[in-house]
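A look at the structure
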Amino acid sequence: MSQAKEVRKLFLDFFAKRNHKIVPSSSLIPIDDPSVLLTTAGMQQFKKYFTGEKDALKDFGTQRTCSVQKCFRTTDIEEIGDERHLTFFEMLGNFSFGPVGKDDPSDFNDKSGYFKNSAIYWAYEFLVKELGLKIDYVTIFKGEDKIPYDQTSYQIWKDIGFDDKNIKEFGREDNFWGPTGDEGPCGPTTEIYIDNIEIWNLVFNEYYQDKNKKLIKLKNPGVDTGMGLERLMKVVEKKETIFETSLFLPLKEIIFDQRIDLEIRKYRIIADHLRGAVFLISDGLYPSNLERGYILRRILRRLVLYLKLSRLNLDIIGKLVKVVIENYKDFYPEINNYDKIINVIDKEVRIFEKTLMRSLAKFDKIIKINDAYEEIGEKLFLLFSSYGLPLEIAKEIFKERNWNWDNKIEEVFNKKYREHQKLSKGNG
Ligand code: GLY
């Protein structure tokens, strides 16, 4: 862990020296942003500074901030288990708001807003000079939908010494970021790749996208950068994947100590979901059937499923929670709350363990690999309504068994579900 600790510090010190105010991570539960369920990016707590609704100079004494932000993304929950996806991660970011001043990266006295020149040069300097890494290539925005080609970023990378073949150009799909939720600041990006993974995303927030997806020019352009700590540690520590870095190693040791032949995908899911749950609970979330509470419930259920599939005893959870707390408590003191975290997890997982064991026994009795998809849909609905087996968990079980999953299964399940809802409303 010490290396990650060091990298966080190097990052914050680097930007503090350049007149950025170090701002602590905000909660994973956004405070006054109804457009998103959870915090997914470092810029979220600064949205109002980009739009000019709040004044950074007044609040921070400078137009620049930097942070290490706790983030949680649910878009790829089913992808977790591969080499690179995570639900919870930490994002290193530097930000600039307000009118752009000299934008001279060598001026250490300036506290005004900056733009592409400083943002790109500092990112280069931090990775190459501070961390001693080698950038493979960078990408820039090629222009699309009346948003112009990013000639300035191209020129800055050229001046730093990059060849044309190492400055790749892409459109909106790849090199335009934001907004988070339905509306907010957004803009073209330049992205830095090391070992073929995107390490740092520098967003030039020139626009505000409204609810109708219309782009409106912001009064002042801003800078919003995001660099995932786990990916960065993979290249700093020269590991095969993020799950072998010091951020995960203590969890890996405990899990493999109990089951030496465990399939790597299962380890990754268990480690990711456990770590994510600890952080969500320490920020005040409880499992429920509603919105963000359901996200927590979902990852805890998947945690139980994968512990069971791995033939691991649920008692391992306590050890894993302790290790996560130990690894992160210095930087995030709010997670130093073992009793509360373990109580919330334990209550949820013990109930779901019972549900799962009963429904799995029934599952094996009634569902056969050769059943027609419609029939499977009906049987899964029965398992859901009588035994409480959620469809998404059934889907995971299919995946684990390498059984085919077809949309028809879900269609029949959903039809049955709607009928059931109508019936219970009618009765009520
Ligand atoms: N806000 C930039 C990023 O999340 O990549």
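This is a predicted model, so every value here is computed, not measured. (Residues numbered from 1 in each chain as written. Predicted model: local features only at pLDDT ≥ 70, side-chain atom pairs only at ≥ 80, totals over all residues. Heavy atoms only, no water.)

1. Quick look at empty space enclosed by the protein
The test is simple: With a 1 Å grid spanning the protein atoms alone, the term cavity applies to any set of points in which a 1.4 Å probe fits but cannot get out, the term pocket to an open set with protein on both sides within 12 Å along at least five of seven lines, and the term lining residue to any residue with an atom within 4 Å of a point. Grid points are joined across faces, edges and corners, and a volume is the space filled by probe spheres set on the points. Secondary structure elements follow DSSP: runs of H or I no shorter than four residues count as helices, runs of E no shorter than two count as strands, and numbering proceeds from the N terminus. Gly is placed with the polar residues, together with every amino acid not listed as nonpolar (Ala, Val, Leu, Ile, Met, Phe, Trp, Tyr, Cys and Pro) or charged (Asp, Glu, Lys and Arg).
The full count for this structure, using the stated rule, is one cavity of 30 Å³ or more. Lining the largest cavity are K5, R8, N327, Y328, D330 and F331. Those elements that provide at least two residues to the lining of the largest cavity are α1 (2-17) and α11 (316-328). Grouping the amino acids of the lining of the largest cavity by side-chain chemistry returns two nonpolar, one polar and three charged.

2. Considerations on the packing of aromatic side chains
To be explicit about the condition: Ring geometry is summarised as follows: Phe, Tyr and Trp rings, the Trp one being its six-membered ring, pair when their centres sit within 6.5 Å, and such pairs are stacked at plane angles under 30 degrees, edge-to-face over 60 and tilted between the two. For the exposure calls, accessible area comes from a 1.4 Å probe over protein chains only, and a residue counts as buried if that area is under 20% of its type's maximum, exposed if over 50%, partly exposed in between. Throughout this description, the term charge over a ring refers to an Arg CZ or Lys NZ atom that lies within 6 Å of the ring centre and within 35 degrees of the ring normal.
One pass over the structure, following the stated rule, counts 39 aromatic pairs. Look at F11 and F15: their rings are 5.0 Å apart centre to centre, the planes differ by 55°, and that puts the pair in the tilted class. With F11 and F15 both in helix α1 and four residues apart, this pair spans about one turn of that helix. Both rings, one in F363 and one in F398, keep their centres 6.0 Å apart while their planes meet at 80°; by these two values the pair is edge-to-face. Of this pair, F363 sits in helix α12 (residues 338-366) while F398 sits in helix α14 (residues 391-400), placing them 35 residues apart in sequence. Pair check on accessibility: F363 and F398 agree, each one buried. By way of ring pairs, the aromatic residues F11, F14, F15, Y114, W122, F126 and W200 are connected into one cluster. The ring of F176 has R172 lying over it, and the distance from NZ or CZ to the ring centre is 4.6 Å.

3. Considering the environment of I345
As a reminder, the rule being used: Should any heavy atoms of two residues lie within 4.5 Å, those residues are counted as being in contact.
Here I345 shows up in helix α12. Judged by relative accessible area, which is 0%, I345 ranks as buried. The sequence separation of I345 and I299 amounts to 46 residues, and the corresponding C-alpha distance is 11 Å. Residues within four places of I345 in sequence aside, it is in contact with I281, L300, I317 and V321.

4. Section: the pairing of strand β2 (residues 64-72)
We count it as follows: Strand pairing follows a simple DSSP-based rule, namely that at least 2 bridges must link the two strands.
The buried count for β2 comes to nine of nine residues, which makes it a mostly enclosed element. In β2, alternate side chains face the same way, and those of R64, C66, V68, K70 and F72 on one face and T65, S67, Q69 and C71 on the other are all buried. Note that strand β1 (residues 21-22) and β2 share two bridges and pair parallel. By the bridge assignment, K21 is partnered in β2 with T65.

5. Observations concerning the packing of helix α4 (residues 116-130) against helix α5 (residues 151-160)
Just so we agree on the cut-off: A fitted line through C-alpha atoms represents every axis, and for helices the fit uses only the stretch in contact; the resulting angles, taken between N-to-C directions, go from 0 to 180 degrees. Relative orientations are named as follows: roughly parallel for angles under 35 degrees, roughly antiparallel for angles over 145 degrees, roughly perpendicular for angles from 65 to 115 degrees, and oblique for any other angle. Less than a right angle of anticlockwise turn of the near helix away from the far helix marks a crossing as left-handed, whereas a clockwise turn marks it as right-handed.
Packing of α4 against α5 brings their axes to within 10 Å, and their N-to-C directions diverge by 40°. Comparing their axes, α5 and α4 come out oblique. In terms of crossing hand, the pair formed by α4 and α5 is right-handed. Contacts from K116, N117, I120, Y121 and Y124 of α4 reach α5 at T152, S153, I156, W157 and I160. Looking at the contact of α4 with α5, its residues break down into six nonpolar, three polar and one charged.

6. Quick notes on the site of the ligand
Note the following rule: Consider each residue's heavy atoms; a residue with any of them within 4 Å of a molecule or strand counts as near. Pairs of N or O atoms within 3.5 Å make up the polar contacts considered here, provided that, within protein, one atom can donate a hydrogen while the other can accept it, and that residues adjacent in sequence are counted only when both atoms are side-chain atoms. To be clear on the numbers: accessible area is Shrake-Rupley with a 1.4 Å probe, and residue cover counts the displayed protein chains and nothing else. Placement in a cavity or pocket follows one criterion, namely that more than half of the molecule's atoms lie within 2 Å of its grid points.
Near the ligand, the surroundings consist of A41, R73, M91, W177, N201, V203 and D224. Between the ligand and N201, the relevant distance is 3.0 Å, taken from an oxygen atom to a side-chain nitrogen or oxygen of the residue. One of the side-chain nitrogen or oxygen atoms of D224 is found 2.9 Å away from a nitrogen atom of the ligand. Taking 200 Å² as the accessible area of the ligand by itself, protein coverage stands at 95%. Assessed atom by atom at 2 Å from the grid points, the ligand resides in the largest pocket. A breakdown of the residues in the shell around the ligand according to their chemical character gives four nonpolar, one polar and two charged.

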